[in-house]
Amino acid sequence: QVQLVESGGTLVQAGGSLRLSCAASGSTFSRYLMGWFRQAPGKEREFVAAISYSGTSTYYIDSVKGRFTISRDNAENTVYLQMNSLKPEDTAVYYCAAKRSGSYFREYEYWGQGTQVTVSS
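(A) Inspection of the overall build of the chain at higher detail. Within the chain one finds zero helices and 11 strands. Of the regular secondary structure in the chain, the N- to C-terminal order runs β-β-β-β-β-β-β-β-β-β-β. What you see for the chain is a C-alpha radius of gyration of 13 Å, in line with the 14 Å of a compact globule of 121 residues. Put simply, the chain has 121 residues, and 43% of those count as buried. Across the chain, every contact between residues at least 6 apart in sequence was considered, and the portion connecting residues at least 24 apart equals 56%.

Structure, rendered in structure tokens:
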């Protein structure tokens, strides 16, 4: 089992940048596929980005391609989401998630508690 703790969420102006971090503990980090999801008020949780075991492959929802970058540091048991050119529609609670295998886009096994990102216009 793995425990996940997100950090880095805050209030930021439109066009600004922010980096979220997710610290993992309790298991071997490199054995997990990692993803970021987000949930805005009144909306369903949606997939944002995912990364392979070694970090060599990444996947993004179309609306964040070219603006967001997911990365991981297996030596530090941490996954990051670098967010640039932020828009008000990026406002949401962002969740870190982990799974041992399967689809990059759904059915993750472990979840963090979330961190709030608010983008002002």
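(B) Inspection of the packing of aromatic side chains at higher detail. In this structure the tally under the stated criterion is eight aromatic pairs. Here the aromatic rings of Tyr108 and Trp111 are separated by 6.3 Å at their centres, their planes lie at 65°, and the arrangement is edge-to-face. Exposure remark for Tyr108: the relative accessible area of 8% places this residue in the buried category. Joined through ring pairs, the aromatic side chains of Phe37, Phe47, Tyr59, Tyr104, Phe105, Tyr108 and Trp111 make up one cluster. Taking the ring centre of Trp111 as reference, the NZ or CZ of Arg45 above it sits at 4.0 Å. The positively charged end of Lys99 is found above the aromatic ring belonging to Tyr108, 5.0 Å away from the centroid.

(C) Examining the side chain of Arg72 more closely. Within the fold, Arg72 resides in strand S7 (residues 68-73). Although Arg72 lies buried, it forms no salt bridge, and the closest oppositely charged side chain, Asp73, sits 8.4 Å away as judged by the N-O distance. In this structure the side chain of Arg72 is engaged in a polar contact, spanning 2.9 Å, whose partner is the backbone oxygen of Phe29. At 2.9 Å, the side chain of Arg72 and the backbone oxygen of Tyr32 are in polar contact. In contact with Arg72, other than residues within four places in its own chain, are Phe29, Ser30, Tyr32, Leu33, Met34, Ile51, Ser52, Tyr53, Ser54, Gly55, Thr78 and Val79.

Calculation criteria
- Residues numbered from 1 in each chain as written.
- Predicted model: local features only at pLDDT ≥ 70, side-chain atom pairs only at ≥ 80, totals over all residues.
- Heavy atoms only, no water.
- Helix = DSSP H or I, 4+ residues; strand = E, 2+ residues; numbered from the N terminus.
- Rg over C-alpha atoms; globule rule 2.2 N^0.38 Å.
- Buried < 20%, exposed > 50% of the residue type's maximum accessible area, 1.4 Å probe, protein only.
- Contact = heavy atoms within 4.5 Å.
- Phe/Tyr/Trp six-rings, centres within 6.5 Å; stacked < 30°, edge-to-face > 60°.
- Lys NZ or Arg CZ within 6 Å of the ring centre and 35° of its normal.
- Lys, Arg positive; Asp, Glu negative; His and termini not counted.
- Salt bridge = Lys/Arg side-chain N within 4 Å of Asp/Glu carboxyl O.
- Polar contact = N/O pair within 3.5 Å; in protein donor to acceptor, adjacent residues only side chain to side chain.

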